Amino acid sequence: MADAAPAKADQEAARSYAWGPLSGFGLFVAVVACLADQAAKFWLLLVAHLSSLQPIVLAPFAELVLTWNPGISYGLFPQRGPIGPWALLAFKVVAVGFLWAWLSRARHRLTALSLGLIIGGAVGNAIDRLHWPGVMDFVLLHAQIGGRTFNWYVFNLADAAIVAGVVGLLYESLRGGRAAKAP
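Since the structure is predicted, the reported quantities are computational estimates derived from the model, not experimental observations. (Residues numbered from 1 in each chain as written. Predicted model: local features only at pLDDT ≥ 70, side-chain atom pairs only at ≥ 80, totals over all residues. Heavy atoms only, no water.)

S.K.: Can you help me understand the pairing of strand 3 (residues 135-145) in this one?
M.R.: Along any regular strand the residues' side chains alternate between the sheet's two faces. When strand 2 (residues 62-69) meets strand 3, the two strands line up antiparallel, connected through six bridges. Looking at the pairing, E63 lines up with L140 of strand 3. Counting the residues between successive antiparallel strands, the hairpin from strand 3 to strand 4 (residues 148-151) contains two residues, one of them, G146, with a positive phi of roughly 60°. (Pairing = 2+ DSSP bridges. Helix = DSSP H or I, 4+ residues; strand = E, 2+ residues; numbered from the N terminus.)

S.K.: Just checking my understanding: could you explain the sheet that holds strand 2 for this structure?
M.R.: Note on sheets: strands pair through backbone hydrogen bonds, and any given pair is parallel or antiparallel. Across the sheet, which stays open at both edges, the four strands sit in the order 1-2-3-4 with antiparallel pairing between neighbours. Only two strands of the sheet have a single neighbouring strand rather than two, namely strand 1 (56-59) and strand 4. Recorded for the sheet is a direction-independent mean angle of 40° between the axes of neighbouring strands. (Axes fitted to C-alpha atoms, helices over the stretch in contact; angles between N-to-C directions.)

S.K.: What exactly am I supposed to notice about the confidence of the model for the protein chain here?
M.R.: For the protein chain, mean pLDDT is 86; residues scoring 70 or higher make up 82% of the total. Element-level mean pLDDT values for the protein chain span from 54 in helix 1 (residues 4-15) up to 97 in helix 2 (residues 23-47). (pLDDT = per-residue confidence, 0-100.)

S.K.: Would you mind going over the environment of G116 with me for this structure?
M.R.: Summarising the element assignment, G116 is placed in helix 5 (residues 109-131). Accessibility expressed as a relative area gives 0% for G116, which makes it buried. Taking the C-alpha atoms as reference points, G116 and C34, 82 residues apart in sequence, are found 9.7 Å from one another. Contacts of G116, omitting those with residues within four sequence positions, involve G26, V29 and A30. (Buried < 20%, exposed > 50% of the residue type's maximum accessible area, 1.4 Å probe, protein only. Contact = heavy atoms within 4.5 Å.)

S.K.: Just checking my understanding: could you explain helix 6 (residues 157-174) for this structure?
M.R.: Working note: α-helix, 3.6 residues per turn, so residues spaced by three or four point in the same direction. For helix 6, built from 18 residues, the straight-helix expectation of 26 Å at 1.5 Å per residue is met to within 8% by its first-to-last C-alpha distance of 25 Å. When we look at burial in helix 6, the residues that qualify are A158, D159, A161, G165, G168, L169 and E172. In this fold, the buried residues of helix 6 make contact with helix 2, helix 4 (84-105), helix 5 and strand 3. Measuring from the backbone nitrogen of A158 back to the side-chain oxygen at the start of helix 6 gives 2.9 Å, which picks out N156 as the cap. (Expected span 1.5 Å × (residues − 1). Polar contact = N/O pair within 3.5 Å; in protein donor to acceptor, adjacent residues only side chain to side chain.)

Here it is in structure tokens:
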């Protein structure tokens with residue numbers, strides 16, 4: 001009888017959408033990703049004065065430039081009215097809630113790492129919407145081929161964290177279905 005109580009507690013914990021065995025790790029990754037993104041943005045604006053010095057050439061293929069993205073990825077669906085930015089923010093809150101529920105069910109560190117990166121990136125970009133005219137993007141990658149310049153979209157560390165998280169989830173799912181299934 002005494003063993004039945006711990007077994008039941010383990011089953012309840014396994015079904016929780018709020019906290020799981022790797023939630024602490026995923027939360028740590030999310031906080032680090034978000035803080036790194038926000039610290040880079042504030043440093044570029046307040047210390048490096050990117051708004052007045054742009055572009056800053058880092059390499060023949062990379063520059064720091066300041067852009068404000070009022071929409072979502074690639075500047076799609078720009079939101080300039082009073083309701084649009086709040087609608088995007090609400091959508092992010094719901095998305096992060098679903099990602100957190102998935103994280104709470106994660107059984108592998110790569111899944112937790114990947115979801116933590118995605119959550120941290122989403123929160124970092126959401127924070128931008130609260131105090132700036134949009135999401136601050138600043139890394140521009142480009143290549144010159146045959147006299148033509150090809151520019152990749154301008155992105156930030158939060159975007160890089162989201163992409164790295166998605167790549168991690170794809171890698172894990174291609175390794176033989178090991179990734180935790182979304183709730």
